[in-house]
Amino acid sequence: MSPWLWLLAPLIGLMLGLFGAGGGMLTVPLLVYAAGLPLKQAIASSVWIVAAVSLVAAFHQRAWRVIQPGLLVFFSVGGIAGSVGGAWLGARIDSVLQQALFGVLVLVVAVWSWRIRLHEAPPAAGPCHCTAAFVVGAGLGVLTGLLGVGGGFLMVPALIALGISHFPTAVAHSLLLITINAASSGITYLGQELPSSPETMLLVGSLAAVGSIVGSHLLKRIPLNPLQQIFSIGLAALGVAMLMQLALA
């Protein structure tokens, strides 16, 4: 296997532990370019890796202590509905279109994550914007199923807009929601007869899980804005590279 798998797989978990985001956006390209998997197989494998690693990070952060149950339920129900539909569609559309959508999404999220200002103040209690949570959750669920991404870098700002102003609390919610969305997509892909690579999934998932524990430790110990900006630049470079590959193909 490529040494890039060993070097970069922990980064998947590190980003999930730090930001509650970035897992699928790193996992899919890693599986395609370092493991040599076809895009559709990489997406179908990615959702299971992201689900498992997000659950490890959520458990390590003791996410159940800070969740807002109402918001989580409506967001997750919308996410399940959207992710099932997205996975069904993802197994049927052309892989070139899938890669183009993925590249554009990465660029959009790179700009968003650069500009958004995330709060680190203590959480403030507020009402559950349940209808909005369902709609946003469904939209992000479609992205999870269609492109193999958990939508975390969109999810965290969305959760903040829905009233969770404390960054670590938003990360905890995001990890649980990514777990639910990604697992729902993975179950749907099981019926699509897409090939899988258990050995690669186990290796990447194990290394990423270690990275998620490290990221969870760092979350409360280092400034977040510089990391957010570095990650935004990396996402932008990744999106440009994927779109250029399509253009030159």
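Everything discussed here concerns the structure shown above.
Residues numbered from 1 in each chain as written. Predicted model: local features only at pLDDT ≥ 70, side-chain atom pairs only at ≥ 80, totals over all residues. Heavy atoms only, no water.

**A few points about the overall build of the protein chain**
For the protein chain, the count of helices and strands is ten helices and zero strands. Each helix (α) and strand (β) of the protein chain, taken in turn from the N terminus, gives the series α-α-α-α-α-α-α-α-α-α. Within the protein chain, the proportion of its 249 residues that are buried is 52%. For the protein chain, the computed accessible surface area is about 10700 Å², with 73% contributed by carbon and sulfur atoms. (Helix = DSSP H or I, 4+ residues; strand = E, 2+ residues; numbered from the N terminus. Buried < 20%, exposed > 50% of the residue type's maximum accessible area, 1.4 Å probe, protein only. Areas by Shrake-Rupley, 256 points an atom, 1.4 Å probe, with all protein chains shown as cover.)

**So, the packing of aromatic side chains**
Taken as a whole and assessed by the stated rule, the structure comprises one aromatic pair. Ring plane angle 45° and centroid distance 5.6 Å describe the contact between F59 and W64, whose orientation is recorded as tilted. (Phe/Tyr/Trp six-rings, centres within 6.5 Å; stacked < 30°, edge-to-face > 60°.)

**Let's talk about the nonpolar core**
Ranked by internal contacts, the top residues of the largest apolar core, which has 67 residues, are F75, L159 and V204. Considering each element in turn, this core owes the most residues, eleven residues, to helix 3 (residues 39-60). Filtering out sequence-adjacent residues up to four positions away, F75 remains in contact with A133, V136, G137, L140, M155, L159, L162 and L177. (Core = buried A, V, L, I, M, F, W, Y, C linked by side-chain atoms within 4.5 Å. Contact = heavy atoms within 4.5 Å.)

**Digging into helix 3**
Relative to the 32 Å expected for 22 residues at 1.5 Å per residue, helix 3 spans 31 Å between its end C-alpha atoms, a close match to the ideal helical length. Counting buried positions over the 22 residues of helix 3 gives 16, a clear majority of the element. Once helix 3 ends, the next one or two residues include R62, with phi positive near 55°. (Expected span 1.5 Å × (residues − 1).)

**Section: helix 8 (residues 167-190)**
An α-helical segment advances 3.6 residues per turn. Residues three or four places apart therefore align on the same side. Helix length check: helix 8 (24 residues) gives 34 Å between terminal C-alpha atoms against 34 Å at 1.5 Å per residue, within 8%. Most of helix 8 sits out of view: 18 of its 24 residues are buried.

**A word on the packing of helix 2 (residues 23-33) against helix 5 (residues 95-115)**
It is the contact of helix 2 with helix 5, at a shortest axis distance of 11 Å, that shows an interaxial angle of 140°. The angle between the axes of helix 2 and helix 5 places the two elements in the oblique class. Helix 2 and helix 5 meet at a crossing whose hand is left-handed. Here helix 2 contributes G24, M25, V28, P29 and Y33 to the contact with helix 5, which in turn contributes Q99, F102, L105, V106 and V109. (Axes fitted to C-alpha atoms, helices over the stretch in contact; angles between N-to-C directions. Parallel < 35°, antiparallel > 145°, perpendicular 65-115°, else oblique. Left-handed = near helix turned anticlockwise from the far one by under 90°.)

**Section: the side chain of S54**
Tracing the chain through its elements places S54 in helix 3. On the basis of relative accessible area, S54 is assigned to the buried category, the value being 0%. Separated by 2.8 Å, the side chain of S54 and the backbone oxygen of V50 make a polar contact. Residues contacting S54, with those up to four places away along its chain left out, are L16, L175, I178 and T179. (Polar contact = N/O pair within 3.5 Å; in protein donor to acceptor, adjacent residues only side chain to side chain.)

**Quick word on the packing of helix 3 against helix 5**
Helix-helix packing is described using two parameters, namely the angle between the two axes and the distance between the axes. Packing of helix 3 against helix 5 brings their axes to within 10 Å, and their N-to-C directions diverge by 55°. The pairing of helix 3 with helix 5 is recorded here as oblique in orientation. Across the interface between the two elements, L39, K40 and I43 of helix 3 pack against S95, Q98 and Q99 of helix 5. Across the contact of helix 3 with helix 5, the residue classes tally to two nonpolar, three polar and one charged. (Nonpolar A, V, L, I, M, F, W, Y, C, P; charged D, E, K, R; others polar.)

**With respect to the side chain of T27**
Within the secondary structure, T27 sits in helix 2. With near-sequence residues (within four places) excluded, T27 lies in contact with I12, S46, I49 and V50.

**Some details on a nonpolar patch on the surface**
Together, V73, F74, V77, F134 and V135 make up a nonpolar patch on the protein surface, roughly 430 Å² of accessible area in all. With three residues, helix 4 (residues 69-90) is the largest single contributor of residues to the nonpolar patch. Structurally, F134 can be placed in helix 6 (residues 130-147). (Patch = residues over 30% accessible without salt bridge, like charges linked within 9 Å, V, L, I, M, F, W, Y side chains within 5 Å. Salt bridge = Lys/Arg side-chain N within 4 Å of Asp/Glu carboxyl O.)

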